[in-house]
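Coordinate inspection notes
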Amino acid sequence: MVEISDYVHNKKEEVKGFISSLNKNSKKNLKIVIVQVNDDEASNSYIKGKIKDLCELGISHQLLKLKKDISENALFEIIDQLNKDESVTGFIVQLPLPPQIDENKVKRMIDPKKDLDGFNPLSPFLSATPKGILTFLKDNRYVMVGKNAVIIGRSDIVGKPMAKALLNENMNVTILHSYTTKEDRKFYLEHADLIIVAVGKPYFIKKDEYKFKKDAVIIDVGINRVNGHLIGDCEPDLGVYFQSPVPRGVGLLTRLALILNLLEAYKNYGF
Ligand code: NAP
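Residues numbered from 1 in each chain as written. Predicted model: local features only at pLDDT ≥ 70, side-chain atom pairs only at ≥ 80, totals over all residues. Heavy atoms only, no water.

Moving on, we come to helix α1 (residues 4–25). An α-helical segment advances 3.6 residues per turn. Residues three or four places apart therefore align on the same side. When the terminal C-alpha atoms of α1 are compared, their 32 Å separation across 22 residues agrees well with the 32 Å that a helix rising 1.5 Å per residue should span. Taken together, the buried positions of α1 are I4, Y7, V8, K11, K12, V15, I19 and L22. Along the axis of α1, the buried residues cluster in a sector spanning 120°; they form a single face. What points out from α1, more than 90 degrees from its buried face, is the exposed set E14, K24 and N25. For α1, the elements touching its buried residues are α2 (41–57), α5 (128–139), β10 (242–243) and α8 (250–269). (Helix = DSSP H or I, 4+ residues; strand = E, 2+ residues; numbered from the N terminus. Expected span 1.5 Å × (residues − 1). Buried < 20%, exposed > 50% of the residue type's maximum accessible area, 1.4 Å probe, protein only. Arc of directions from axis to C-beta. Contact = heavy atoms within 4.5 Å.)

Among the six residues that make up strand β1 (residues 31–36), six are buried, leaving the element largely enclosed by the rest of the structure. Judged from the six bridges that link them, β1 and strand β2 (residues 60–65) form a sheet pairing that is parallel. The partner of K31 across the bridge, within β2, is S60. For the crossover that starts at β1, traverses α2 and ends in the parallel β2, the hand is right-handed. Of the pairings in the sheet, the one linking β1 to strand β3 (residues 90–94) comprises five bridges and is parallel in character. Bridged to V33 within β3 is F91. (Pairing = 2+ DSSP bridges. Right-handed = clockwise from strand over helix to strand, strands pointing away.)

As a further point, take a nonpolar patch on the surface. Nonpolar side chains collect at one region of the surface, where Y46, I223 and L230 lie side by side and expose about 230 Å² of accessible area between them. The class for L230 is partly exposed, based on a relative accessible area of 32%. (Patch = residues over 30% accessible without salt bridge, like charges linked within 9 Å, V, L, I, M, F, W, Y side chains within 5 Å. Areas by Shrake-Rupley, 256 points an atom, 1.4 Å probe, with all protein chains shown as cover. Salt bridge = Lys/Arg side-chain N within 4 Å of Asp/Glu carboxyl O.)

Assignment of secondary structure puts F76 in helix α3 (residues 72–84). By relative accessible area, which is 15% here, F76 ends up buried. Linking F76 and I110, residues 34 residues apart in sequence, is a C-alpha distance of 9.1 Å. Excluding residues that lie within four positions of it along the chain, F76 makes contacts with K105, V106 and M109.

The subject of this paragraph is the site of the ligand. Taken together, 22 residues sit near the ligand, with R154, S155, H177, S178 and T254 positioned nearest. Between the ligand and H177, the relevant distance is 3.5 Å, taken from a nitrogen atom to a main-chain nitrogen or oxygen of the residue. Within the contact set of the ligand, a nitrogen atom lies 3.1 Å away from a side-chain nitrogen or oxygen of K201. Protein contact buries 73% of the 920 Å² of open area that the ligand shows by itself. Looking at which element gives the most residues to the shell around the ligand, the answer is α8, with three residues. (Near = heavy atom within 4 Å. Polar contact = N/O pair within 3.5 Å; in protein donor to acceptor, adjacent residues only side chain to side chain.)

Structure representation (structure tokens):
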């Protein structure tokens, strides 16, 4: 497997070429809108990263930073306008949302064709983190058919869509969660070929607790801020064939996947 940062760099170069020819030759350009209804420190940093990529790739974008006390109806009105606006290729609503807003209603309101985060159950897009991981594995010609995948975490944005995506690749998929016993976790992890960890607990997976398969691949989704540093859910150097680093691992893949979904929206629906 190649280093994730090199992989993302090369993939972005490909995208850059496509965008620059599109900007020269097409009547209609790509445009993404990011809706933010919080002033959350982590969200600010994720959005900063996304905007950096969009600037680098020459993609037209707009950040709609809304007041935290906006009413649910006012937000729905904005989503409705974005759904109808033909100059907008796709958009995302950054989570978390303030308590007066029903997240599920928001997810169902986004036009599936513009739903770049794959929130709407009818969206054709795989949400960004699983999409980034899957694309990375496929581009590295990682053979998935018939192998054992273990995912720790069952969130709607990572664990569940990741499981579905890997099932679609004909892997044997097991999801572990907070009710899984330590003994079972050890059993499943030691039989796994591919391990995806999305728990949100610093160094939850420790080297001296498991005998991983030597050729296992571990993808560490976790981002934990500890004493001003970002660390993953896994201790570094678990002694497997490939382990994604934190930082400069899944975060980069997730950012890339948003761009890939935007290109897909443009190609498939021509907005
Ligand atoms: P989440 O919604 O908080 O879900 C965490 C999952 O971990 C839950 O399913 C929970 O199980 C499970 N869990 C908690 N304690 C556990 C334990 N002791 N054993 C087994 N499972 C346990 O988290 P998320 O949104 O999926 O995010 C997970 C991590 O990934 C966070 O650190 C987040 O910041 C990071 N993240 C990174 C990116 C990126 O781009 N790199 C993207 C998304 C998320 P229950 O369901 O039983 O409670």
